[in-house]
Amino acid sequence: MSHLCKRVLKTSHTKARRRMAYSAINNVGIRKGFNFSLGKNYKFIGNYLPEDELEKLINTFSQSGYKESWESFELCSDLFRAYSKKVASLLDYKYPEYDEKMTNFVQNIYIKLSEK
């Protein structure tokens, strides 16, 4: 894989993880109220997430190889989707319809890059 592809994947993954973390925080805030601190760099987030969700969040940092990076990115996207749907539902918002199209688009990129 080219150096450029690695940088693009890492940058996209970092941004996706940040958005997923914001969705997780909003989900916790809705459940617990917004009068708490997760600490710098979310160091206390484990105090507010169920153990299985925390484990998944930790697994989004796995980038030991190309395939692992894509699996981590996909897990991050799945978590973002789950948290966003919960928050949208709790706030009585409609979840965007373009999610399925975006997911298919990203999966097609992975398939095309994997063929090379």
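Caption draft 1: Broad picture of the packing of helix α2 (residues 51-59) against helix α3 (residues 66-90). Closest axis-to-axis distance for the α2/α3 pair is 9 Å, and the angle between their directions is 140°. Put simply, α2 runs oblique to α3. Our pair here, α2 against α3, has a crossing hand that is left-handed. Contacts between α2 and α3 involve Glu53, Lys56, Leu57 and Asn59 on the former and, on the latter, Ser72, Leu75, Leu79, Tyr83 and Lys86.

Caption draft 2: Region of the structure containing unusual backbone geometry. Located in the positive-phi region is Asp92, a residue other than glycine, with phi close to 60°. Along the chain, Asp92 falls in the loop between α3 and α4 (99-115). A residue is classified by how much of its surface remains accessible, and Asp92, at 71% relative accessible area, is exposed.

Caption draft 3: Here's a closer look at the confidence of the model for the chain. Overall, the predicted model of the chain reaches an average pLDDT of 77, with 84% of residues at or above 70. This model gives residues 1-5 a pLDDT under 50, and the stretch forms 3 contacts once residues within four places in sequence are excluded.

Caption draft 4: α3, seen in detail. The end-to-end C-alpha separation of α3 is 36 Å, in line with the 36 Å expected for 25 residues at 1.5 Å each. Once α3 finishes, Asp92 follows within two positions and takes phi at roughly 60°, a positive value.

Caption draft 5: The nonpolar core, seen in detail. Met20, Ile45, Leu49, Leu57 and Tyr83 are the most contacted members of the largest nonpolar core, which totals 14 residues. Mapped by element, the contributors of at least two residues to this core are α1 (3-32) and α3. In this view, Leu49 contacts Val28, Leu54, Leu57 and Tyr83; residues no more than four positions away in its chain are not counted.

Caption draft 6: View of the environment of Val28. When you line up the elements, Val28 lands in helix α1. For the pair Val28 and Leu49, spaced 21 residues apart in the sequence, the C-alpha separation amounts to 7.4 Å. With residues near it in sequence (within four places) discarded, Val28 still touches Gly33, Phe36, Tyr48 and Leu49.

Caption draft 7: Layout of the packing of α3 against α4. Put simply, α3 and α4 touch, their axes get as near as 12 Å, and they point 175° apart. Taken together, the axes of α3 and α4 lie roughly antiparallel to each other. For the pair formed by α3 and α4, the contact residues are Tyr66, Lys67, Trp70, Phe73, Glu74 and Arg81 on the first element and Asp99, Thr103, Val106, Gln107, Ile109, Tyr110, Leu113 and Ser114 on the second. Of the residues contributing to the contact of α3 with α4, the split by class is 7 nonpolar, 3 polar and 4 charged.

Cut-off values and rules
- Residues numbered from 1 in each chain as written.
- Predicted model: local features only at pLDDT ≥ 70, side-chain atom pairs only at ≥ 80, totals over all residues.
- Heavy atoms only, no water.
- Axes fitted to C-alpha atoms, helices over the stretch in contact; angles between N-to-C directions.
- Helix = DSSP H or I, 4+ residues; strand = E, 2+ residues; numbered from the N terminus.
- Parallel < 35°, antiparallel > 145°, perpendicular 65-115°, else oblique.
- Left-handed = near helix turned anticlockwise from the far one by under 90°.
- Contact = heavy atoms within 4.5 Å.
- Buried < 20%, exposed > 50% of the residue type's maximum accessible area, 1.4 Å probe, protein only.
- pLDDT = per-residue confidence, 0-100.
- Expected span 1.5 Å × (residues − 1).
- Core = buried A, V, L, I, M, F, W, Y, C linked by side-chain atoms within 4.5 Å.
- Nonpolar A, V, L, I, M, F, W, Y, C, P; charged D, E, K, R; others polar.

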